[in-house]
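Inside the fold
Spelled out, the chains give:
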Amino acid sequence: MPLTKIEQITASRSIALWSINETEVELLKQLNPADEERNKLLAFKHETKRLEWLSARLVVRKLASHMSIDYDGIFKNENGKPILKNASAELSISHSYPYVAAVIDYHLDVGIDIEQPKEKLKLIAHKFSSKKELEYSKNDITKLCVIWSAKEALYKIYSKKGLVFNDHMFIEPFELSSHGTITGHLNVTDCQKKYKLDYHVVGDYVLVYNID
C-alpha cells in the first residue's frame with residue numbers, strides 16, 4: 001500500500017505520506033485525470049517527475065476524502081502555490097522521490113517539506129543557513145536537513161517570491177532527535193511571525209510541517 005499514513009495533527013489539520021512503488025501506468029490508472037491534467041503531465045520529460053506529479057494528486061485526493069473535502073483537482077496560483085479547486089481549505093505538497101507528503105488545513109496557512117539528507121547539503125549550507133544556524137548545526141547532515149526542510153515549509157506558508165533563506169528565515173537552536181518541535185521565524189517587511197514546526201527523522205527522510 002503506497003499510502004503509508006494519514007494523521008490528524010490538529011483539530012483542523014491532517015497530513016498524509018505516500019511512498020511510490022507503482023509504475024506510471026498504475027498511477028495514471030488510479031488517478032484517471034481529465035484531459036487538461038493529462039496535458040500537464042505530458043509536459044514533464046523525466047519519468048520521476050511524472051511519478052511525483054501523479055502520486056501527489058493521489059495522496060491529496062485521499063487526504064481530502066479523509067477530511068470530507070471534495071477533490072476537484074489542483075491548480076497553482078501566480079506564485080506557484082498549490083490550490084484545491086472549488087475548496088477553501090489550505091494545501092501544501094512536497095516530494096522527494098520516492099516520497100510524497102501533503103498537508104491540508106480547513107482554514108489556516110500550511111507548509112510541509114520532505115527531504116532526504118544528502119552530502120550536498122553540507123556544500124550549500126551557507127546558502128540557506130545563517131551564521132548562528134551554521135554554528136549550532138555543527139555540519140551535521142541530518143540537522144542541516146531539518147533546517148532546510150523547516151525553511152522550505154516556511155517558504156510555502158509565506159507563498160510569495162523574494163524570500164532569502166539565510167536572511168529572511170531563522171530556525172532557533174534545537175537538540176536533534178527522531179521527533180521534535182522547533183521554532184521558525186519569518187522576518188520580511190510584510191510578515192514578521194514565528195511558527196511551531198514538527199519534524200520527524202524516519203529512515204532515509206526528514207519530514208517537517210507547521211503545527212500552528
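The structure under discussion appears in the preceding block.
Reading the values: rules and limits
- Residues numbered from 1 in each chain as written.
- Predicted model: local features only at pLDDT ≥ 70, side-chain atom pairs only at ≥ 80, totals over all residues.
- Heavy atoms only, no water.
- Phe/Tyr/Trp six-rings, centres within 6.5 Å; stacked < 30°, edge-to-face > 60°.
- Helix = DSSP H or I, 4+ residues; strand = E, 2+ residues; numbered from the N terminus.
- Buried < 20%, exposed > 50% of the residue type's maximum accessible area, 1.4 Å probe, protein only.
- Lys NZ or Arg CZ within 6 Å of the ring centre and 35° of its normal.
- Axes fitted to C-alpha atoms, helices over the stretch in contact; angles between N-to-C directions.
- Parallel < 35°, antiparallel > 145°, perpendicular 65-115°, else oblique.
- Left-handed = near helix turned anticlockwise from the far one by under 90°.
- Contact = heavy atoms within 4.5 Å.
- Polar contact = N/O pair within 3.5 Å; in protein donor to acceptor, adjacent residues only side chain to side chain.
- Arc of directions from axis to C-beta.

Moving on, we get to the packing of aromatic side chains. Summed over the entire model, instances satisfying the criterion amount to six aromatic pairs. Ring geometry for Y99 and Y205: centres 4.7 Å apart, planes at 50°, overall tilted. With a gap of 106 residues between them, Y99 in strand β6 (residues 99-105) and Y205 in strand β11 (residues 205-210) connect regions that are remote in the sequence. Like Y99, the residue Y205 is buried in the burial classification. Geometrically, the ring pair formed by Y155 and F165 is tilted, given 5.8 Å between the ring centres and 40° between the ring planes. Of the two residues, Y155 sits in helix α6 (residues 141-158) while F165 sits in helix α7 (residues 165-168), which places them ten residues apart along the sequence. Residue classification places Y155 among the partly exposed residues on the basis of a relative accessible area of 29%. Classification of F165 by relative accessible area gives buried; the value is 12%. Through a chain of ring-to-ring contacts, the aromatic side chains of F128, W148, Y155 and F165 assemble into a single cluster. The ring of F174 has K143 lying over it, and the distance from NZ or CZ to the ring centre is 5.2 Å.

Once that is clear, we can look at the packing of helix α4 (residues 120-128) against α6. A pair of packed helices is captured by two measures, namely the crossing angle of their axes and the spacing between those axes. Running from amino to carboxyl end, α4 crosses α6 at an angle of 45°, the nearest separation of the two axes being 10 Å. Judged by the inter-axis angle, α4 sits oblique to α6. In terms of crossing hand, the pair formed by α4 and α6 is left-handed. Only I141, L144, C145, I147, W148 and K151 of α6 make contact with α4, whose side of the interface consists of L121, K122, A125 and F128.

Right, let's talk about the environment of H185 for a bit. Here H185 is to be found in strand β9 (residues 179-188). A residue is classified by how much of its surface remains accessible, and H185, at 19% relative accessible area, is buried. As a C-alpha pair, H185 and I171 span 14 residues in sequence and 6.4 Å in three-dimensional space. Polar side-chain contacts of H185 include one of 2.6 Å to the side chain of E172.

Within α4 the residues assigned to the buried category are L121, A125 and F128. Viewed along the axis of α4, the buried residues span an arc of 85°, placing them on a single side of the element. Residues of α4 that are exposed and point over 90 degrees away from its buried face: L123 and K127. At its buried positions, α4 is contacted by α5 (131-137), α6 and α7.

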